[in-house]
Amino acid sequence: KEYMGRFYVDSAVFDYTVLTLLVETFGADRVMLGSDYPFPLGEQQIGHLVKTAPALSRRQREDILWRNAETCFGLAPQPTIEEQALAEELSVDLRLASRTPQQ
């Protein structure tokens, strides 16, 4: 058990119950998105099981779908959906403000 924190497992298990067991056993921070591409063995829409698993929280989904890969491979973090929406909202506000005549 002391070595389990050194391993990642993939989510290509094709069943909600098994995915939940993986998360309970290894932790959502040790499960990464997996597929059998290019072989049509399981999910045809990669990530669908993770995106629709009722037992996973939003954070656990994000961890499995991309955050764990960022950590494992040392990639630059990507903004969350909320951060992207806020950035877009702010950029629209700034563009509108720059078009408004100054008095």
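Reading guide: rules and limits
Residues numbered from 1 in each chain as written. Predicted model: local features only at pLDDT ≥ 70, side-chain atom pairs only at ≥ 80, totals over all residues. Heavy atoms only, no water. Phe/Tyr/Trp six-rings, centres within 6.5 Å; stacked < 30°, edge-to-face > 60°. Lys NZ or Arg CZ within 6 Å of the ring centre and 35° of its normal. Salt bridge = Lys/Arg side-chain N within 4 Å of Asp/Glu carboxyl O. Helix = DSSP H or I, 4+ residues; strand = E, 2+ residues; numbered from the N terminus. Buried < 20%, exposed > 50% of the residue type's maximum accessible area, 1.4 Å probe, protein only. pLDDT = per-residue confidence, 0-100. Expected span 1.5 Å × (residues − 1). Arc of directions from axis to C-beta. Contact = heavy atoms within 4.5 Å. Polar contact = N/O pair within 3.5 Å; in protein donor to acceptor, adjacent residues only side chain to side chain.

**A closer look at the packing of aromatic side chains**
We describe a pair of aromatic rings using the distance from one ring centre to the other and the angle between the two ring planes.
Then, in step 1: Under the definition given, this model contains zero aromatic pairs.
Then, in step 2: Positioned above the aromatic ring of tyrosine 8, the side-chain terminus of arginine 30 is 4.0 Å from the ring centre.

**Here's the deal with the pattern of salt bridges**
Then, in step 1: In total, this model carries four salt bridges according to the counting rule given.
Then, in step 2: In this structure, aspartate 63 engages arginine 67 in a salt bridge whose closest nitrogen and oxygen atoms are separated by 3.7 Å. Taken together, the positions of aspartate 63 and arginine 67, both in helix α3 (residues 58-73) and four residues apart, correspond to about one turn of that helix.
Then, in step 3: Arginine 67 gets classed as buried once you look at its relative accessible area, which sits at 13%.
Then, in step 4: Three or more residues joined by partner-sharing salt bridges are found here, namely Arg58, Arg59, Glu62, Asp63 and Arg67.

**Digging into the confidence of the model for the chain**
Then, in step 1: Taken residue by residue, the chain gives an average pLDDT of 84. The fraction at 70 or more is 87%.
Then, in step 2: For the chain, helix α4 (residues 81-99) is the element with the lowest average pLDDT, namely 70, and strand β2 (residues 31-32) is the one with the highest, namely 96.

**A word on α3**
Then, in step 1: For α3, with 16 residues, the first-to-last C-alpha span of 22 Å sits near the 22 Å given by 1.5 Å per residue.
Then, in step 2: In the segment just after α3, glycine 74 is the residue with positive phi, at about 65°.

**Brief notes about helix α1 (residues 16-26)**
Then, in step 1: Listing the buried residues of α1 in full gives Leu19, Leu22 and Val23. Down the axis of α1, the smallest arc covering the buried residues is 95°, so these residues share one side. Opposite its buried face, α1 presents the exposed residues Thr17, Leu21 and Glu24, each directed more than 90 degrees away.
Then, in step 2: Summarising the contacts, the buried residues of α1 are in contact with β1 (9-10), β2, α2 (48-52) and α3.
Then, in step 3: Regarding α1, its N-cap is aspartate 15, as a side-chain oxygen of that residue lies 2.9 Å from the backbone nitrogen of threonine 17 further along.
Then, in step 4: Remark: glycine 27 follows α1 within two positions and exhibits a positive phi of approximately 95°.

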